[in-house]
There are 2 protein chains.
Amino acid sequence: MSSSPSEHAGESAGELDDSFHVFDTTLRDGAQREGINLTVADKLTIARHLDDFGVGFIEGGWPGANPRDTEFFARAQKEITFKHAQLVAFGSTRRANAKASEDPQVRALLESGAPVITLVAKSHDRHVELALRTTLEENLEMVRDTVSYLVEQGRRVFVDCEHFFDGYRANAEYAKSVVRVAHEAGAAVVVLCDTNGGMLPAQVQAITHTVLDDTGARLGIHAQDDTGCAVANTLAAVDAGATHVQCTANGYGERVGNSNLFPVVAALELKYGKKVLPEGALREMTRISHAIAEVVNLTPSTHQPYVGVSAFAHKAGLHASAIKVDPDLYQHIDPELVGNRIRMLVSDMAGRASIELKGKELGVDISDDRELVGRVVERVKERELQGYTYEAADASFELLLREEAEGRARRYFRVESWRAIVEDRPDGSHANEATVKLWAKGERIVATAEGNGPVNALDRALRVGLERIYPQLAKLELVDYKVRILEGKHGTESTTRVLITTTDGAGEWSTVGVADNVIAASWGSLEDAYTYGLLRAGVEPVE
Amino acid sequence: MSSSPSEHAGESAGELDDSFHVFDTTLRDGAQREGINLTVADKLTIARHLDDFGVGFIEGGWPGANPRDTEFFARAQKEITFKHAQLVAFGSTRRANAKASEDPQVRALLESGAPVITLVAKSHDRHVELALRTTLEENLEMVRDTVSYLVEQGRRVFVDCEHFFDGYRANAEYAKSVVRVAHEAGAAVVVLCDTNGGMLPAQVQAITHTVLDDTGARLGIHAQDDTGCAVANTLAAVDAGATHVQCTANGYGERVGNSNLFPVVAALELKYGKKVLPEGALREMTRISHAIAEVVNLTPSTHQPYVGVSAFAHKAGLHASAIKVDPDLYQHIDPELVGNRIRMLVSDMAGRASIELKGKELGVDISDDRELVGRVVERVKERELQGYTYEAADASFELLLREEAEGRARRYFRVESWRAIVEDRPDGSHANEATVKLWAKGERIVATAEGNGPVNALDRALRVGLERIYPQLAKLELVDYKVRILEGKHGTESTTRVLITTTDGAGEWSTVGVADNVIAASWGSLEDAYTYGLLRAGVEPVE
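Residues numbered from 1 in each chain as written. Chains lettered and ligands numbered in written order. Predicted model: local features only at pLDDT ≥ 70, side-chain atom pairs only at ≥ 80, totals over all residues.

Examining the sheet that holds strand β16 (residues 508-515) of chain A
All names here are of chain A. Going by this rule: Pairing between two strands requires that DSSP report at least two bridges joining them. A run of DSSP states H or I qualifies as a helix once it reaches four residues; a run of E qualifies as a strand once it reaches two. Both are numbered from the N-terminal end. Angles run from 0 to 180 degrees between N-to-C directions of axes, and those axes are lines fitted to C-alpha atoms, restricted for helices to the stretch in contact.
Here we have three strands laid out as an open sheet, ordered β14-β15-β16, and antiparallel in their pairing. Unpaired on one side and paired on the other, β14 (477-485) and β16 mark the two borders of the sheet. Put simply, the sheet's adjacent strands are angled 20 degrees from each other on average, direction ignored. Direction of pairing for strand β15 (residues 496-503) relative to β16: antiparallel, over a ladder of eight bridges. Bridge pairing in β16 links I500 to T511.

And the structure:
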């Protein structure tokens, strides 16, 4: 027996009315992205984030099609008290020449308990014939029968017209007849899907407009990003009268991906002035975008509109001086509206103004001391000529800034010398050994360690040597390591730059080292990483 | 004295007429992207790729503003014979209350020798007052004076109206007057720039349309991707009558990035049916996109429209069987049109065909031997899982192919063991020493050498040891060395991939090595480099 939707929390009404739908399909269509493989626990966590964000509908998967999705619906309704969203089950119209009421796939949709069901229907004539292998008329019957049966059973039904735009261009009358039949059978929304993602905004707008005029159905839009226009296509459909947008978090989806939820809702709220999320939700957008990326185990895109860490980063010296005067002149929205922040990048293109702003950002206000600012600008330029880059190494920049401001470098240890040995043995294995000779708190320390590479061995030797004196170092962990060879034209005689990201559990920082070889560059970056870690921990420098 | 543009190769005309401009600014605006830091050698390489691709204009930087850009213009015109593109220098209108003919910044533009100059001009009234700190009238004079002076000097001038769209919304009359003045002063194109990137396509289209009507100037569009709509905004301006599009390869640029060259030209050629690139160029798009990503040392985006490795990847399931019947039903374009390919994610059927093709390309026809092709496919898959990449390492691939075809590896020497030592001395200098123990032609060789880094020391030790037996090695020189850390989440414990390019004066080849540390990975790549060099020299393997 199917359970009645009224028993379920998934139905809880949001504070927004039904006139516009933000419909998320991260858990169904987004999960098609290459490299994403979600467990039920992952799906539950993402559903909570999406509900926190305030989307109206969360499409959770295809119950019955795989056991994971069936389990998700059962657990989501038991374990999550939805504040805003309604849970949606995705499925297909019934099989050809059968009854919807007797189709096991349709029954699984009812049994999921989801109050809303999205049915995928074919609307492209060739797909009906080649993929479904049935007649155009029978396909219409399949839509009519399945929609009316599910509506009779008390469910709200949305119909996804698969390949709608390609279908419209091949046979407009047939494509529209599918919309009309779904609408007449009781579908609350008929969604025009650009399944292959080949459309451009002008086409989407014109076709959506005509279909709305000709059918009178409430229309939705489902866009894919194969032309790089999914967000614009979604907005073009809204311009033409669509009142339901299907998106995925961070644009995850098959091939290039789906229409990205975040820029779509940001445009609707901030550019259209349309309230589509609960009060205050937009300010959580950056956090939620990154949290979902964590769950699906993909690095958050640094360059994603609105929410990327680079989305409000400024590099050019040209702009930096004017940004001080009026930041609104150089950003299309206040980043705080989406929970992001402005960042100044330090680079050789930057001048005094960006160094001052960067200092402020790091909590070191040096703007009153023009001579000091000048010294810092000079040192940054000189070091960037050597190959250093500070835009990706905030911690090294802060150490440089403090050194100039305080008149001496922060030093927790002094290096006498170090040595790294990599040995390839006759049996094919490698031995990596490093020795460091240091002074800390007046004591001379000699430490040796092995590692799975020379840099790892140096890292371990440094810890072995210092941890007794600075127990704070035990918490430090290297989480990213990047090597860049700077002059590609001199073979192995090039200059090497190493960027290291370190964490102490509470935060992350990045440091840079440059030298004529990768080991020495890594050492420079490691030294900064440990020094900054001790500075963060509030340890007083002793050397 | 400024040099005359007619002396320079940068002027060479392309085969397309002047009625539509594909203008690339990867080297200027693209270089603003966080994490990109281009050397002059990098810029020259990218310019060659862009010219191969067939863009009409390559904006190379701001000569005079920094020494790197000045050097780029000097070298580009000496070292590159452009097939299609004209070189463009970027600069600013003259200072307030001065003469363009006496402005050193303007002089540097002329001295660059570039036949085309893009001048950035303020068109937003508040920017004129707050950033330029001059009057609205003087700003118009700056535009008029600078454009006419450069035109008099025989240069073609494009004017970038910075912050145009925001300016238009604040003060439409003033924004239009800047366009009008630039046009009247002789600017060939006036470019409307969405500098803050906040526009949506409908706005861009409406404003571009009005400006075109009201000024009669030839218009261009420069879009930034802050709303996720840069490609759509570019196309919206074209719809409204713009005939010049400014883009960057892979959408690199400040903050979120610029309008991405690749989906823009693909849409124009494949969706609009507009010829904007030389014949055959579009088929090189995927290769060129990835090659440029290599040069800037950013991982190519797997999900980039048209050119990403996932752009035509299909997960098995609903679609898989139908794709076999008619792939056109499931992809918006034929991926071969852009040099990409369809990929089935479960059973990779494409593997065999590309390996056969690759073999043919290398002069080793293995297509008759299905079993052999299968073995090579398996080995490539297995090694790529370990982190090898053969796309950029033809020589390593050929060695692998020959090993499978000939039943044994080509060996000119056998390695017993090697060792590299890097030592940091109390005086701050580094000692790098390597020892190799080898067997060649029945002889045991022990050789030690120093270098300016551990890899350089290993390289020298290998030569010292082998050159007496293989004098052919004396000609070999390492010309490029690239390191990539493959898993960013394990700090210094990651897997390392090293790509080395070697030349013998007559040609270049690339080899790959993968290991748990950078020294061992470099060694693997070096071994292949020397083996391939001896194979090329026609030396018979002896081991």
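A word on helix α15 (residues 394-406) of chain A
Residue and element names in this part refer to chain A. We count it as follows: Here, expected helix span is obtained from the residue count minus one, scaled by 1.5 Å. Exposure in this text rests on C-beta crowding, where 20 or more other C-beta atoms within 10 Å of a residue's own make it buried, 12 or fewer make it exposed, and counts in between make it partly exposed. The C-beta atoms are placed from the backbone. Here contacts are defined at the residue level, using C-beta atoms placed from the backbone and a cut-off of 7 Å between them.
Counted at 1.5 Å a residue, the expected span for α15 with its 13 residues is 18 Å, and the 18 Å between its end C-alpha atoms agrees. All of the buried residues in α15 are D394, A395, S396, F397, E398, L400, L401 and E404. Along its buried surface, α15 packs onto α13 (352-361), α14 (370-386), β16 and α17 (518-536). Looking one or two places after α15, you find G407, whose phi comes out positive at around 85 degrees.

Observations regarding the pairing of strand β12 (residues 430-440) of chain A
All names here are of chain A. Direction of pairing for strand β11 (residues 414-424) relative to β12: antiparallel, over a ladder of 10 bridges. What sits directly across from E423, in β12, is A431. Turn length for the β11-β12 hairpin, with the two strands adjacent in sequence and antiparallel, is five residues, and the turn residue G428 shows positive phi of about 90 degrees. Here eight bridges tie β12 to strand β13 (residues 443-450), and the two strands are oriented antiparallel to one another. When the sheet's bridge partners are listed, L438 is paired in β13 with I445. Two successive antiparallel strands, β12 and β13, enclose a turn made up of two residues, where K441 displays a positive phi of approximately 45 degrees.

With respect to the confidence of the model for chain A
All names here are of chain A. To keep things clear, this is the line we draw: The score called pLDDT rates the predictor's confidence residue by residue, from a low of 0 to a high of 100.
Predicted confidence across chain A gives a mean pLDDT of 89, with 92% of residues reaching 70 or more. Low pLDDT, under 50, characterises residues 1-14; the stretch is placed with 32 contacts to residues that sit more than four places away or in other chains. Per the prediction output, this complex has pTM 0.74; the corresponding ipTM is 0.75.

Concerning the interface of chain A and chain B
One widely used convention gives an interface's size as the accessible area the parts lose upon coming together. Using the following cut-off: Three classes are used, and their members are as follows: Ala, Val, Leu, Ile, Met, Phe, Trp, Tyr, Cys and Pro are nonpolar, Asp, Glu, Lys and Arg are charged, and the others, Gly among them, are polar.
Contact residues are listed per partner, giving 92 residues for chain A and 90 residues for chain B. Looking at the side of chain A that touches chain B, its residues break down into 41 nonpolar, 26 polar and 25 charged. Across seven bridges, the pairing between β11 of chain A and strand β11 (residues 414-424) of chain B is antiparallel. When the bridges of β11 of chain B are listed, A420 of chain A appears paired with V422 of chain B.

With respect to the environment of Y390 of chain B
Residue and element names in this part refer to chain B. Secondary-structure assignment places Y390 in the loop between α14 (370-386) and α15 (394-406). The spacing of Y390 and S510 is 120 residues in sequence and 9.3 Å in space, taken between C-alpha atoms. Setting aside anything within four residues of it in sequence, one finds Y390 in contact with V380, S396 and F397.

Some words on helix α2 (residues 67-79) of chain B
All names here are of chain B. The following threshold applies: In this context, the arc is that of the directions from the helix axis out to the C-beta atoms.
For α2, with 13 residues, the first-to-last C-alpha span of 18 Å sits near the 18 Å given by 1.5 Å per residue. Those residues of α2 that fall on the buried side of the exposure criterion are D69, F72, F73, A76 and Q77. Seen end-on, α2 carries its buried residues on one side only, within an arc spanning 110 degrees. Seen from the open side of α2, the exposed residues pointing more than 90 degrees away from its buried face are P67, K78 and E79. Buried positions along α2 lie against α1 (40-53), β2 (57-61) and β3 (86-92).

Observations regarding the environment of S417 of chain B
Residue and element names in this part refer to chain B. Along the chain, S417 falls in strand β11. Accessibility expressed as a C-beta count within 10 Å gives 15 for S417, which makes it partly exposed. In the structure, S417 is positioned 19 residues away from V436 in sequence and 6.1 Å away in space, judged by C-alpha atoms.

Topic: the packing of α15 of chain A against α17 of chain A
Residues and elements named next belong to chain A. Heads up, the condition is: Any angle between 65 and 115 degrees counts as roughly perpendicular, while under 35 counts as roughly parallel, over 145 as roughly antiparallel, and the rest as oblique.
Interhelical geometry of α15 versus α17 gives an angle of 75 degrees and a closest axis separation of 10 Å. One element, α15, and the other, α17, form an angle in the roughly perpendicular class. When α15 is examined against α17, the residues A395, S396 and L399 are found in contact with a partner set consisting of D528, T531 and Y532. Residue classes in the contact of α15 with α17 are distributed as three nonpolar, two polar and one charged.

Side note on the packing of helix α5 (residues 136-152) of chain B against helix α7 (residues 172-185) of chain B
Residue and element names in this part refer to chain B. For clarity, the threshold we go by: Handedness of a crossing follows from how the near helix is turned relative to the far one, being left-handed for an anticlockwise turn of less than a right angle and right-handed for a clockwise one.
The interhelical angle for the contact between α5 and α7, taken along N-to-C directions, is 25 degrees, at an axis separation of 8 Å. Compared by their axis directions, α5 and α7 come out roughly parallel. Relative to α7, α5 is oriented so that their crossing is right-handed. In this structure, α5 contributes L136, L140, V143, R144, V147 and S148 to the contact, and α7 contributes Y174, S177, V178, V181, A182 and A185. When grouped by side-chain class, the residues that make up the contact of α5 with α7 number nine nonpolar, two polar and one charged.

Observations concerning the sheet that holds strand β5 (residues 156-162) of chain A
Residue and element names in this part refer to chain A. Here eight strands make up a closed barrel; going around it, the order is β1-β2-β3-β4-β5-β6-β7-β8 and the pairing parallel. Direction aside, neighbouring strands of the sheet carry axes that sit 25 degrees apart on average. Pairing of β5 with strand β6 (residues 189-194), which is carried by four bridges, proceeds in the parallel orientation. The partner of D160 across the bridge, within β6, is V191. Along the sheet face, helix α3 (residues 104-111) touches β3 (86-92) and β4 (116-122) and points at about 175 degrees away from the line of β3.

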